[in-house]
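Here is how the chains run, residue by residue.
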Amino acid sequence: SPSFAHSFTQWWSQYGVSNPEYFAELLPGRAQPHPAPDRVKLHDSSAAVWQKRVDVWVAAGAGNSVNICPNDSRSFCVCANCLALDRPSQAPEIVFDSSEAMLGDRYARFYTEIANRVKVINPNTIVYGYAYDVYRNAPLEATVPDNLALAYVPGTASATVPAQMAENEANV
């Protein structure tokens, strides 16, 4: 059955000390875990991150599904390699925490790198990810493999969600 959920919520507690390179490079003046330990973003262009996720899946038995849905919130990686994946090119301040960021190509690449590694080990495995918020739009250049299933979460930018929730509660 499909497995869609934020899949990296424990990574900071598991790898924050031993492998800080797994996590997003932040804007100056910010420090990990940001914005919270269960919401840290990864260094999405890192082959070490891709391989670690595959290794964790293999250690769990290399089953027919693997969830790689990113954690919720902002604080996306602003290192040169991650920014190079983004189409169009965007300022680090936009990528880091703006609802105007466009990260579809970045996440298509992240998903593809893991899905391709998984397929070599178990060709029947489906890799699950999100098309959500600033990475909900289709990538402009990147493509994804046939063993990737995306949950599309339509809607407005997450900055408007608290206001929508308050409005809904007021109308109940």
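In what follows, the accompanying structure is described.

The rules behind each value
- Residues numbered from 1 in each chain as written.
- Predicted model: local features only at pLDDT ≥ 70, side-chain atom pairs only at ≥ 80, totals over all residues.
- Heavy atoms only, no water.
- Helix = DSSP H or I, 4+ residues; strand = E, 2+ residues; numbered from the N terminus.
- Buried < 20%, exposed > 50% of the residue type's maximum accessible area, 1.4 Å probe, protein only.
- Contact = heavy atoms within 4.5 Å.
- Areas by Shrake-Rupley, 256 points an atom, 1.4 Å probe, with all protein chains shown as cover.

**Overview of the overall build of the protein**
So, step 1. Across its full length, the protein holds 6 helices and 3 strands.
So, step 2. When its helices and strands are written in sequence order, the protein yields α-α-β-α-α-α-β-β-α.
So, step 3. Residues counted as buried form 43% of the 172 residues belonging to the protein.
So, step 4. Considering only contacts in the protein between residues 6 or more positions apart, those separated by 24 or more positions represent 66%.
So, step 5. Surface summary for the protein: the accessible area is close to 8,600 Å², and the carbon and sulfur share equals 54%.

**Focus on the environment of Val153**
So, step 1. Within the secondary structure layout, Val153 lies in strand 3 (residues 148–153).
So, step 2. Take Val153: its relative accessible area is 29%, and that puts it in the partly exposed class.
So, step 3. Note: C-alpha distance between Val153 and Tyr132 (21 residues apart in sequence) is 5.0 Å.
So, step 4. Val153 has contacts with Ala131, Tyr132, Asp133 and Arg136, leaving out every residue within four places of it along the chain.

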